[in-house]
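The primary structure of each chain is shown beneath.
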Amino acid sequence: MDAAGHFLSIADWSTERLTQALDLADRLKADPASAGRPLAGKTLAMLFTKSSTRTRVSFEVGAHQLGGQALFLSARDIQLGRGEPIADTARVLSRYVHGIMIRTFDQEDVVALAEHGTIPVINGLTDLLHPCQIMADVQTIREEFGPDLSGVTVAWIGDGNNMANSWLNAAARLGFSLRLACPEGYEPDAATLEAARDATSVELVRDPAEAAVGARVVTTDVWASMGQEEEAAERARAFDGYHVDAEIMSNATEDAIFLHCLPAHRGEEVAAEVIDGPASRVWDEAENRLHAQKAILAMLMGG
Ligand code: CP
Ligand code: NVA
């Protein structure tokens, strides 16, 4: 199966295929019944080695709404968690189910699952990437500003983490501008940054206010991602000042919106006045996980 038969990274899909998914997500949101039951008789295995609320529930509900079913498989409970190789897990699951969604630490494990299995694999978050989230985020931006994103600047404030890397991949493919403000030592993945710089306008700055100037979308994420809990105190010091509050938002355009993948820490990376204020679209963004992922499921598993 070629890379477009999986969804491991936004960078693996062409602009056309991403746009097709976003258009389908819009149609599924407007008219859920229009999808029919493309997953009838099919099963999605959902493998989790990290926690989840939105990803788990939206994939499970989405598969059900498309006529299929989803299996929640915690690594704590399956043999993967006791050391069964990912390649063997891929071979075995491929005999039972029709697609796998995985949330784990190492992107290489997701790639290995795709390599050794014979069914589509969807990346539900790794330390490196969070592509499904960015599809929902872009759907939310399109709802606000229309499908032509060429005039949109997105400001990313904070950690150069999995979300930042997937924002870079999306900017490269979909042609919006991206300005990232990250503290020293917390920049995004270097290769991902370079690839995006070759494709669109990408700026990396230190000052969050500078990143927000003229942005139509301001977005951020937690200072310590899953798996970085022990670094939380050190990160809290490094990210002092990387806080999206009303003052930061005042640098953005008047119609700017605020996005956050959630879960959020009010008083840390974002002020309550912003996430709970009029510019916030975080609940639409969370809802759009369902629609965007249904589009991906239908495209990959719908036949
Ligand atoms: N945004 C996101 O992926 O949420 P969960 O961790 O709850 O799945
Ligand atoms: N960067 C966060 C995103 C959670 C959805 C993490 O990886 O924990």
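Just so we're clear, the structure is a prediction, and the values are computed from it rather than from any experiment.

As for the site of ligand 1
Piece 1. With respect to spatial proximity, the complete set of residues near ligand 1 consists of Ser 52, Thr 53, Arg 54, Thr 55, Arg 103, His 130, Gln 133, Cys 261, Leu 262 and Arg 289.
Piece 2. Thr 55 places a side-chain nitrogen or oxygen 2.7 Å from an oxygen atom of ligand 1.
Piece 3. At a separation of 2.9 Å, a nitrogen atom of ligand 1 approaches a polar side-chain atom of Gln 133.
Piece 4. Protein chains shield 95% of the accessible area of ligand 1, which is 260 Å² for the free molecule.
Piece 5. When grouped by side-chain class, the residues that make up the shell around ligand 1 number 2 nonpolar, 5 polar and 3 charged.

A short note on unusual backbone geometry
Piece 1. A cis amide bond links Leu 262 with the next residue in sequence, Pro 263, at an omega value of 5°.
Piece 2. As for its position among the elements, Pro 263 is in the loop between β9 (257-260) and α11 (272-275).
Piece 3. Phi is positive for Leu 125, which is not a glycine, with a value near 120°.
Piece 4. Mapped onto the secondary structure, Leu 125 falls in the loop between β4 (121-123) and α5 (131-145).
Piece 5. The residue Leu 262 is not glycine, and still its phi comes out positive at about 70°.
Piece 6. Summarising the element assignment, Leu 262 is placed in the loop between β9 and α11.
Piece 7. Exposure remark for Leu 262: the relative accessible area of 11% places this residue in the buried category.

Thresholds applied
Residues numbered from 1 in each chain as written. Chains lettered and ligands numbered in written order. Predicted model: local features only at pLDDT ≥ 70, side-chain atom pairs only at ≥ 80, totals over all residues. Heavy atoms only, no water. Near = heavy atom within 4 Å. Polar contact = N/O pair within 3.5 Å; in protein donor to acceptor, adjacent residues only side chain to side chain. Areas by Shrake-Rupley, 256 points an atom, 1.4 Å probe, with all protein chains shown as cover. Nonpolar A, V, L, I, M, F, W, Y, C, P; charged D, E, K, R; others polar. Helix = DSSP H or I, 4+ residues; strand = E, 2+ residues; numbered from the N terminus. Buried < 20%, exposed > 50% of the residue type's maximum accessible area, 1.4 Å probe, protein only.

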